[in-house]
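# Commentary on secondary and tertiary structure
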Amino acid sequence: MPKIIAERSDVIPVLAEIFREYGYEGASLSLIASRTGLGKGSLYHFFPGGKEQMASEVLREIDGWFEDAVYKPLRDGDDPRAAILEMCRSVATYFWSGKRVCLIGAFALDNVRDRFSDAIRDYFAVWQRSLQQALVRIGHDADRASDIAEDAILSIQGALVLSRALDDTAVFERTMARVETGLLAGPDQGRDLGNGHTGS
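Residues numbered from 1 in each chain as written. Predicted model: local features only at pLDDT ≥ 70, side-chain atom pairs only at ≥ 80, totals over all residues. Heavy atoms only, no water.

### Concerning the overall build of the chain
The condition is simple: Each helix is a run of H or I in the DSSP string that is no shorter than four residues. Each strand is a run of E no shorter than two, and both are numbered from the N terminus. Atoms considered for the radius of gyration are the C-alpha atoms alone. The globule rule reads 2.2 Å times the number of residues to the power 0.38. A simple rule labels every residue: compare its accessible area, found with a 1.4 Å probe on the protein chains alone, to the largest value its type can have, and call it buried under 20%, exposed over 50%, or partly exposed in between. Any pair of residues with heavy atoms lying within 4.5 Å of one another is described as a contacting pair.
Secondary structure summary: the chain contains nine helices and zero strands in total. Each helix (α) and strand (β) of the chain, taken in turn from the N terminus, gives the series α-α-α-α-α-α-α-α-α. Taking 200 residues into account, the globule formula puts the C-alpha radius of gyration at 16 Å, and the chain, at 18 Å, falls close to it. Judged by the C-alpha coordinates and their principal axes, the chain covers about 60 × 35 × 30 Å. Burial analysis of the chain (200 residues in total) assigns 43% to the buried set. Expressed as a percentage of contacts within the chain between residues at least 6 apart in sequence, the contacts between residues at least 24 apart total 63%.

### A short note on the layout of surface pockets
The test is simple: Put simply, the grid is 1 Å and covers the protein atoms alone, a cavity is a trapped set of points that fit a 1.4 Å probe, a pocket is an open set with protein on both sides within 12 Å along at least five of seven lines, and lining residues have an atom within 4 Å of a point. Grid points are joined across faces, edges and corners, and a volume is the space filled by probe spheres set on the points. Any residue outside Ala, Val, Leu, Ile, Met, Phe, Trp, Tyr, Cys, Pro, Asp, Glu, Lys and Arg is labelled polar, Gly included; the first ten of those are nonpolar and the last four are charged.
In this model, the largest pocket occupies a volume close to 240 Å³. Elements supplying a minimum of two residues to the lining of the largest pocket: helix H6 (103-109) and helix H8 (142-166). Across the lining of the largest pocket, the residue classes tally to eight nonpolar, two polar and one charged.

### Here we look at the nonpolar core
One recurring pattern in soluble globular proteins is that nonpolar side chains are buried together. Rules: Among the buried residues, those of types Ala, Val, Leu, Ile, Met, Phe, Trp, Tyr and Cys that are joined through side-chain atoms within 4.5 Å form a nonpolar core.
Ranked by size, the top nonpolar core spans 58 residues in total, and within it Phe19, Phe66, Met87, Val91, Phe107, Trp127 and Leu183 carry the most contacts. Those residues in contact with Val91 that sit more than four places away from it in its chain are Phe66, Val70, Trp127, Ile156, Phe172 and Met176.

### Side note on the side chain of Lys51
The test is simple: Two residue types count as positive, namely Lys and Arg, and two as negative, namely Asp and Glu; His and chain ends fall outside the count. A side-chain nitrogen of Lys or Arg and a carboxyl oxygen of Asp or Glu constitute a salt bridge if their distance falls within 4 Å.
Along the chain, Lys51 falls in helix H4 (residues 50-76). Glu25 is the oppositely charged side chain nearest to the buried, salt-bridge-free Lys51, at an N-O distance of 4.6 Å. Dropping the residues within four chain positions of it, Lys51 is found in contact with Phe19, Tyr24, Glu25, Ala27 and Ile32.

### A short note on helix H2 (residues 29-36)
Given 3.6 residues per helical turn, the α-helix brings residues three or four places apart onto the same face. Within H2, the full set of buried residues consists of Leu31, Ile32, Ala33 and Thr36. The positive-phi residue at the C-terminal boundary of H2 is Gly37, with phi of around 80°.

### What to know about helix H9 (residues 169-184)
Formally: Here the expected length of a helix is defined as 1.5 Å per residue gap, with one fewer gap than residues. Note that the arc is computed from the directions linking the helix axis to the C-beta atoms.
Under the 1.5 Å per step criterion, the end-to-end length of H9 is 23 Å for 16 residues, consistent within 8% with the ideal 22 Å. The set of residues buried in H9 consists of Val171, Phe172, Thr175, Met176, Val179, Glu180, Gly182 and Leu183. Each buried residue of H9 lies within a common arc of 165° when the element is viewed along its axis, so the set occupies one face. Each element contacted by the buried residues of H9 is listed here: helix H5 (80-94), helix H7 (117-138) and H8.

### What to know about the packing of aromatic side chains
Heads up, the rule is: Aromatic pairs are defined between Phe, Tyr and Trp rings, using the six-membered ring for Trp, whenever the two ring centres lie within 6.5 Å; interplanar angles under 30 degrees are classed as stacked, those over 60 as edge-to-face, and all others as tilted. Placement of a charge over a ring requires the Lys NZ or Arg CZ to be within 6 Å of the ring centre, with the centre-to-atom vector within 35 degrees of the ring normal.
Under the counting rule described, the total for this entry stands at 16 aromatic pairs. The interplanar angle of 35° and the centroid separation of 6.0 Å between the aromatic rings of Phe66 and Tyr71 together place this pair among those described as tilted. Both residues of the pair, Phe66 and Tyr71, count as buried. Ring geometry for Phe66 versus Tyr123: centroids 5.1 Å apart, planes at 80°, classification edge-to-face. With Phe66 in helix H4 and Tyr123 in helix H7, the pair connects residues that are 57 residues apart, well separated along the chain. Ring pairs connect the aromatic residues Trp65, Phe66, Tyr71, Tyr94, Phe95, Tyr123, Phe124 and Trp127, which therefore count as one cluster. Its end group placed over the ring of Tyr24, Lys51 keeps NZ or CZ at 4.5 Å from the ring centre. Of note, Arg100 hangs over the ring of Tyr94, and the distance from its end group to the ring centre comes to 4.6 Å.

### A few points about the pattern of salt bridges
One pass over the structure, following the stated rule, counts nine salt bridges. Here Arg75 and Glu67 are joined by a salt bridge, their closest N and O atoms 2.4 Å apart. Across the pair Glu180 and Arg89 runs a salt bridge, and its minimum N-O distance is 3.1 Å. Of this pair, Glu180 sits in helix H9 while Arg89 is found in helix H5, placing the two residues 91 residues apart along the sequence. On the basis of relative accessible area, Arg89 is assigned to the partly exposed category, the value being 44%. A network of salt bridges, in which partner residues are shared, links Glu17, Arg20 and Arg100.

What follows is the structure, given as structure tokens:
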């Protein structure tokens, strides 16, 4: 049954799940109208730019959530280890332990990538830089911290794909446990970020 939509902000989470389920091209205006309970006139009232504006605002909403819950604590938190731990917990919750598609990752692989290239690039680049900063504060040098951050994000994104492909959330949960352990290891400890890459 469609959710009752009263405000423009109410539409964004519904749109996000529609795009996750059907992709950008598969999310027709008729489907969006049906799922939101809004007529096409109301949709264009909220989003004069049509479906492209809808997707852009969904991506902006996702970016805002990650900025507040993940990036900012990694960059500015007093305790970088606590921020990394919270990142892992927040990401696991956000992606429903592997049941929820990473919409930005899905758009990156879709033929709409160029249309939303800035938002896609920034999502991954800012996440990597923010995590790198936390790792530097733990004691890693900048280059090593960048590699570790990249490996962690690769592991998380890969685990999302494999977990959904196998319909097994345990894949994602095991990977997140390894990512957490690897990220919290100091520069003098071995690390395992879930992809078989180890190092000091």
